[in-house]
Amino acid sequence: MTVTYNFAYLDEQTKRMIRRAILKAIAIPGYQVPFASREMPMPYGWGTGGVQVTAAILGPTDILKVIDQGSDDTTNAVSIRKFFGRTAGVRTTTRTADATVIQTRHRIPETPLRDNQVLVFQVPIPEPLRFLEPRETETRRMHALEEYGLVQVKLYEDIARHGHIATTYAYPVKVDGRYVMDPSPIPKFDNPKMSDCPALQLFGAGREKRIYAIPPHTRVASLDFDDHPFERWRHPGRCALCGADDSFLDEVITDDHGTRMFVCSDTDFCEARRAAGHGPDAPGATAPDPARGTEASHG
Amino acid sequence: MYVAVKGGERAIENAHRLLAHERRGDRSLPEITTAQIAEQMTLAVDRVMTEGSLYDRELAALAVKQARGDLIEAIFLLRAFRATLPRFGTTLPLDTAAMRIRRRISAAFKDLPGGQVLGPTFDYTHRLLEPSCSDPAEPATAEAAAGPTPRVTDLLAADDLIETTARPAGDGGETPPGDLTREALTFPAERDLRLQNLARGDEGFLLALGYSTQRGYGRTHPFAGEIRLGEVALEFFAEDAGFALPLGRITVTECQTINQFKGSASTPPRFTRGYGLAFGHCERKAMSMALVDRALRARELDEEVKAPAQDEEFVLSHSDNVQATGFVEHLKLPHYVDFQAELGLVRRMRRDHEAASGSSREASSDDPAPEQIREAAE
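Computed from a predicted structure; not experimentally measured.

Asks: Tell me about the interface of chain B and chain A, and name the residues and values.
Replies: Tallying the contact residues gives 49 residues for chain B and 63 residues for chain A. Surface buried jointly by chain B and chain A totals about 4,800 Å² across both partners, of which 60% is contributed by carbon and sulfur atoms. Here chain B and chain A share 6 salt bridges between them. Glu39 of chain A is the partner of Arg200 of chain B in a salt bridge, and the nearest nitrogen-oxygen pair spans 2.9 Å. Here chain B and chain A share 19 residue pairs in polar contact (both at pLDDT 80 or more) between them. Only α1 (8-24), α5 (71-82), α11 (321-329) and α12 (336-364) of chain B provide two or more residues apiece to the side of chain B that touches chain A. Sort the elements by how many residues they give to the side of chain B that touches chain A and α12 of chain B lands first, with 14 residues. For the side of chain B that touches chain A, the class distribution of residues is 22 nonpolar, 10 polar and 17 charged.

So this is what it looks like as structure tokens:
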């Protein structure tokens with residue numbers, strides 16, 4: 001028994017259905033468009049929404065990059081890249097600058113995106129109000145009425161309890177002044193990159209059957225208060241490999257005595273810097289100190 | 001020394017090879033064939049076909065083998081294959097009244113047209129391990145019942161004692177049933193989509209929910225009106241030919257429960273129904289499905305919705321085991337980035353906490369012991 005699959009796995013009818021949902025999503029920035037998500041050959045939660053969006057927009061001349069946690073080499077990124085290598089035969093790359101389609105889980109690349117690129121996010125829970133209101137019927141009504149007081153109250157309660165907003169990732173944003181949107185579980189460090197981005201940003205949630213989008217150059221504001229403005233956060237200090245002091249860092253534990261080092265989460269960014277001669281001994285390099293705390297910058 | 005997380009590709013390939021090796025088990029034993037699974041693990045195959053939403057014993061048996069007997073994994077394999085299949089059309093509704101009966105029981109009537117047919121059932125076996133079960137005696141045979149075997153609910157409906165249809169008012173059957181694999185499910189959902197969802201739903205989840213209704217969480221006073229197992233004809237209306245073509249027969253299990261309903265100002269008291277249908281022999285599934293179907297009709301029947309089994313969004317959003325297992329197990333995927341962000345927050349909050357508790361101790365204590373102050377300062 002031989003089984004043959006269509007280009008990029010999905011049949012053309014399904015792709016058309018997904019493209020219609022994508023077009024609607026682009027027309028209504030930040031609005032979650034229901035779509036008839038298919039069972040994909042990888043499990044729900046592994047990026048089936050992103051994979052379906054990528055499959056629907058991929059053409060034979062595209063160059064695909066897949067990252068997970070900022071890295072091209074994490075197992076799931078490898079697995080998805082291989083899937084499209086096999087079913088679509090498209091060229092793949094790890095270089096952000098060379099890619100036309102970038103599928104990502106949990107990060108936005110550090111290298112600024114361009115207008116000929118599409119960033120596809122894998123989304124676990126598309127509903128930014130879900131943990132405040134579990135019912136879909138209710139949250140859809142709240143979006144329709146632009147009734148977002150509940151999120152502001154949640155953020156306010158954070159401030160009342162902790163003195164600051166205690167949301168570190170999947171930090172809610174307002175798109176084009178209308179829909180509150182879940183940016184997927186990216187660290188809030190990445191939130192400002194979404195605003196006025198020249199690239200098209202598409203979000204696919206397979207299990208929850210939703211697609212949404214941020215068209216190029218759309219205003220995306222992280223929710224905050226005038227007296228408690230949005231704060232970016234990264235581990236303070238420099239990457240131990242390339243010396244970058246402006247990238248999001250991963251903490252790597254190197255022995256069982258609490259020794260740790262901090263390296264760029266975006267592996268392509270880090271490699272490119274090292275190839276360009278940057279190293280840990282950059283002038284003024286300091287070892288990061290986790291106890292030093294927040295390095296805030298307004299974004 | 002920093003070891004970069006490289007080599008994901010090699011790791012995956014090696015993991016797949018190891019998986020195939022483990023699947024095969026002890027190579028001194030003969031390899032199990034899919035035909036053996038299809039013939040001797042029939043109920044596993046039936047469950048995989050039902051929840052996999054694809055009637056194909058051969059592929060379901062292959063899925064069971066490939067999944068090393070993990071039925072949810074097998075269901076997933078079948079579903080992923082099903083998603084790639086083109087749709088030629090929809091068959092005519094099954095006529096389960098015309099079923100070739102292999103098993104048919106009613107807990108509501110002692111005897112009835114067509115009789116009670118026990119069939120192949122575990123019901124009255126003693127659950128004793130029997131090492132000699134490998135060589136069973138030939139089954140006894142009997143004359144097939146001559147007359148028809150009408151459905152119990154049809155007999156009751158003849159006296160207007162049970163609702164005849166649960167279609168929404170104004171729908172005479174001209175609206176084709178929905179398909180949640182072709183359009184995203186939205187709420188509130190009508191009964192066609194609810195039943196489709198339940199038919200694909202996890203047996204264990206529906207069993208627990210059905211059980212909960214029996215224990216008082218949304219009680220509906222059910223009777224097993226009828227459970228029947230057998231083969232039904234599948235027909236497809238071909239536009240070109242202008243008549244219905246027989247496609248063959250499939251095995252199904254059908255369960256209809258009879259449930260209490262007090263009536264309302266406009267309707268006299270009569271029984272209501274819960275409905276369950278599964279591919280192959282899936283009795284537990286069909287019964288659980290019927291209980292949950294009835295519980296989910298609370299809104300339609302003006303009953304108070306207060307138990308989990310009556311809560312449409314709760315039940316329908318969590319019944320699919322392929323979705324559930326994917327999302328639960330995705331916690332195995334790396335979450336370094338989110339965790340790093342949370343780690344930063346916890347450290348900051350601990351620092352704030354220490355600072356606050358340090359200052360409050362100083363403020364509240366009249367004469368703190370020196371070691372207490374040092375501890376607070378650390």
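Asks: So what about the pattern of salt bridges? Which residues, and what values?
Replies: Residues and elements named next belong to chain B. Within the structure shown, the criterion is met by 47 salt bridges over all chains. Across the pair Lys65 and Glu31 runs a salt bridge, and its minimum N-O distance is 2.8 Å. Of the two residues, Lys65 sits in helix α4 (residues 57-66) while Glu31 sits in the loop between α1 and α2 (34-40), which places them 34 residues apart along the sequence. Judged by its relative accessible area of 22%, Lys65 falls in the partly exposed class.

Asks: Mind laying out the packing of α5 of chain B against α11 of chain B, listing which residues take part and the relevant values?
Replies: Residue and element names in this part refer to chain B. Remark: α5 packs on α11, axes separated minimally by 9 Å, with the N-to-C direction vectors making an angle of 110°. Judged by the inter-axis angle, α5 sits roughly perpendicular to α11. Relative to α11, the crossing made by α5 is left-handed. Residues Ile72, Ile75, Phe76 and Arg79 of α5 form the contact with α11, whose participating residues are Asn321, Val322 and Thr325. Its residues placed into classes, the contact of α5 with α11 shows 4 nonpolar, 2 polar and 1 charged.

Asks: Tell me about the sheet that holds strand β2 (residues 222-238) of chain B, and please be specific about residues and values.
Replies: By definition, the strands of a sheet pair up through backbone hydrogen bonds, in either a parallel or an antiparallel sense. Residue and element names in this part refer to chain B. Ordered in space as β1-β2-β3-β4, the 4 strands form an open sheet in which the pairing is antiparallel. Unpaired on one side and paired on the other, β1 (100-105) and β4 (272-279) mark the two borders of the sheet. In this sheet, adjacent strand axes meet at a mean angle of 25° when their direction is disregarded. Where strand β3 (residues 243-259) lies against β4, 8 bridges are found, and the strand directions are antiparallel. Directly across from Thr253, in β4, lies its bridge partner Ala278. Together, β1, β2, β3 and β4 form the strand contacts of helix α9 (residues 283-296), whose direction differs from that of β4 by roughly 145°.

Each value, and the rule that gives it
Residues numbered from 1 in each chain as written. Chains lettered and ligands numbered in written order. Predicted model: local features only at pLDDT ≥ 70, side-chain atom pairs only at ≥ 80, totals over all residues. Heavy atoms only, no water. Contact = heavy atoms within 4.5 Å. Buried area = accessible area lost by both parts, 1.4 Å probe. Salt bridge = Lys/Arg side-chain N within 4 Å of Asp/Glu carboxyl O. Polar contact = N/O pair within 3.5 Å; in protein donor to acceptor, adjacent residues only side chain to side chain. Helix = DSSP H or I, 4+ residues; strand = E, 2+ residues; numbered from the N terminus. Nonpolar A, V, L, I, M, F, W, Y, C, P; charged D, E, K, R; others polar. Buried < 20%, exposed > 50% of the residue type's maximum accessible area, 1.4 Å probe, protein only. Axes fitted to C-alpha atoms, helices over the stretch in contact; angles between N-to-C directions. Parallel < 35°, antiparallel > 145°, perpendicular 65-115°, else oblique. Left-handed = near helix turned anticlockwise from the far one by under 90°. Pairing = 2+ DSSP bridges.

This is a description of form; function is not addressed.
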